[in-house]
Amino acid sequence: MTRTAYLNGRFLPLDEARVPVMDRGFLFADGIYEVAAVLHGRLVDNAAHLARLDRSLSEIGIRNPHSAQEWERLETELVEKNGVREGLVYIQVTRGVAERDFSFPKGDVPATVVMFTQEKSIVANPLAESGAKAITVPDLRWKRRDIKSVALLAQVLAKQQASEAGVAEAFMIEDGVVTEGSSSTVFIVTKAGALVTRPLSHAILPGITRKAVLALAEETGLAFEERLINARELFEAAEAFYTSASAFVMPVVEIDGKTLGDGRPGPVAKRLRELYFAFAARDAG
Ligand code: PMP
């Protein structure tokens, strides 16, 4: 089936969707993106994703071209046109097309809006059964990681290092502490049984899955701490896992070649993965 994309008000075949060379997204990575999961053909936790999109755009001074209601209508139409049952919707908004100049273009330059879908098995993911492996890498990024910017070169390089090491994710380290995964939020469970993740700040992306997982932990009476995680603690943890819209809750069984626990997904990660599935299925209606 031909994939359908959305570009500036039109649904069209993906391979016909073209953005001009002078687009500021292409020249400067001057844009924002967002990714939401699709389960049973419906968007998961989408209001939270659209709220983060709105915040990211506002932080870099791009006017949000659509209301949340309009976004959701367009995304839903795109999911239907592509017949996606399980996967994700990708949204990108850039500052538009203008003569190359670092400062913002003068006048009312319309934002470029792109959307496409990807099919992906999220629930029946064999990696979640065996548990994922990760490596640690230095965090090379800028200082406003709370903004979901399309400037992802540091993450591209981190993920490539992970691929070359034959593992699924790279955990980024700065000043001896864990910031986040190259495309995920990091959690550990200490040997004392504490669930820990880093507090929100400009240093990390406010993960939508992170927020839902913490709410689920709270609902089930699972205590958690939001504090910095020392890189050393990763290797001493009873469990580790990472979360994202496209992986949900992914247990980690090995970091930098060192096995965690008994080398199998831990009980807390497994439980939170199940709880998140139930939440996502409820939310997707
Ligand atoms: N941190 C980074 C750097 C990411 O790229 C992602 C995935 N977009 C996340 C965290 C997880 O965020 P979410 O749960 O909203 O997908």
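These figures come from a predicted structure and were not determined experimentally.

Taking strand neighbours across the sheet as the criterion, the 6 strands line up as 2-1-6-5-3-4 in an open arrangement whose pairing is antiparallel. For this open sheet the edge positions go to strand 2 (10-13) and strand 4 (42-43), each flanked by a neighbour on one side alone. Across 2 bridges, the pairing between strand 3 (residues 31-39) and strand 4 is antiparallel. Across the sheet, Val38 pairs through a bridge with Leu43, a residue of strand 4.

Glancing now at the environment of Ala247. Its location among the elements puts Ala247 in the loop between strand 13 (239-244) and strand 14 (248-255). Measuring from C-alpha to C-alpha, the distance between Ala247 and Asp30 comes to 26 Å, with 217 residues separating the pair along the chain.

Next up on the list: the site of the ligand. If you check the shell around the ligand, you find 18 residues, and the closest are Arg52, Lys148, Glu180, Thr209 and Ala245. Contact between the ligand and Arg52: an oxygen atom at 2.7 Å from a side-chain N or O atom of the residue. Between Lys148 and the ligand, the recorded distance is 2.5 Å, taken from a side-chain N or O atom to a nitrogen atom. Across the complex, the protein chains shield 95% of the 390 Å² of accessible surface that the ligand would expose by itself. Of all the cavities here, the one that holds the ligand is the largest pocket. Among the secondary structure elements, those contributing two or more residues to the shell around the ligand are helix 2 (46-59), strand 9 (177-181), helix 6 (208-219) and strand 13. A class-by-class count of the residues in the shell around the ligand yields 4 nonpolar, 10 polar and 4 charged.

Attention shifts here to the pattern of salt bridges. Taken as a whole and assessed by the stated rule, the structure comprises 17 salt bridges. A salt bridge links Arg24 to Asp30, with the shortest nitrogen-to-oxygen separation between them at 2.8 Å. The exposure class of Arg24 is buried, given its relative accessible area of 3%. By relative accessible area, Asp30 is classed as buried at 9%.

Applying the stated criterion across every chain, the model contains 9 aromatic pairs. The interplanar angle of 25° and the centroid separation of 5.7 Å between the aromatic rings of Tyr33 and Tyr90 together place this pair among those described as stacked. With a gap of 57 residues between them, Tyr33 in strand 3 and Tyr90 in strand 5 (residues 87-94) connect regions that are remote in the sequence. Like Tyr90, Tyr33 is buried. Among the aromatic residues, ring-to-ring pairing joins Phe248, Tyr276, Phe277 and Phe279 into one connected group. The cationic tip of Lys81 hangs over the ring face of Phe11; the distance from NZ or CZ to the ring centre is 5.0 Å. Taking the ring centre of Phe235 as reference, the NZ or CZ of Lys258 above it sits at 4.5 Å.

Counting buried positions over the 8 residues of strand 5 gives 8, a clear majority of the element. The pairing of strand 3 with strand 5 spans 8 bridges and is antiparallel. Following the sheet pairing, Ala36 is matched in strand 5 by Val89. Here strand 5 pairs with strand 6 (residues 112-119) via 8 bridges, running antiparallel. Residue pairing for strand 6: Val93 is matched across the bridge by Val113.

Taken domain by domain, the chain holds domain 1 (4-119) and domain 2 (126-283). Averaged C-alpha coordinates put domain 1 and domain 2 at centres separated by 26 Å. At the interface, 24 residues of domain 1 touch 21 residues of domain 2. Approximately 1800 Å² of surface area, both sides summed, lies buried where domain 1 meets domain 2, with 64% of it carried by carbon and sulfur atoms. Taken as a group, Tyr33, Asp45 and Arg52 account for 33% of the area that domain 1 buries against domain 2, more than any other trio of residues on that side. Between the two partners, domain 1 and domain 2, sit 2 salt bridges. Across the pair Arg55 and Asp146 runs a salt bridge whose closest N-O atoms are separated by 2.9 Å. Counting across the interface, domain 1 meets domain 2 through 7 residue pairs in polar contact (both at pLDDT 80 or more). Every element with two or more residues in the side of domain 1 that touches domain 2 is listed here: strand 3, helix 2 and strand 5. When residues in the side of domain 1 that touches domain 2 are grouped by element, the largest group, 8 residues, is from strand 3. Residue composition of the side of domain 1 that touches domain 2, by class: 13 nonpolar, 6 polar and 5 charged.

Conventions adopted
- Residues numbered from 1 in each chain as written.
- Predicted model: local features only at pLDDT ≥ 70, side-chain atom pairs only at ≥ 80, totals over all residues.
- Heavy atoms only, no water.
- Pairing = 2+ DSSP bridges.
- Helix = DSSP H or I, 4+ residues; strand = E, 2+ residues; numbered from the N terminus.
- Near = heavy atom within 4 Å.
- Polar contact = N/O pair within 3.5 Å; in protein donor to acceptor, adjacent residues only side chain to side chain.
- Areas by Shrake-Rupley, 256 points an atom, 1.4 Å probe, with all protein chains shown as cover.
- 1 Å grid on protein atoms, 1.4 Å probe; cavity = no way out; pocket = protein on both sides within 12 Å on 5 of 7 lines; lining within 4 Å.
- Sits in = over half its atoms within 2 Å of the grid points.
- Nonpolar A, V, L, I, M, F, W, Y, C, P; charged D, E, K, R; others polar.
- Salt bridge = Lys/Arg side-chain N within 4 Å of Asp/Glu carboxyl O.
- Buried < 20%, exposed > 50% of the residue type's maximum accessible area, 1.4 Å probe, protein only.
- Phe/Tyr/Trp six-rings, centres within 6.5 Å; stacked < 30°, edge-to-face > 60°.
- Lys NZ or Arg CZ within 6 Å of the ring centre and 35° of its normal.
- Domains from an automatic or database assignment.
- Contact = heavy atoms within 4.5 Å.
- Buried area = accessible area lost by both parts, 1.4 Å probe.

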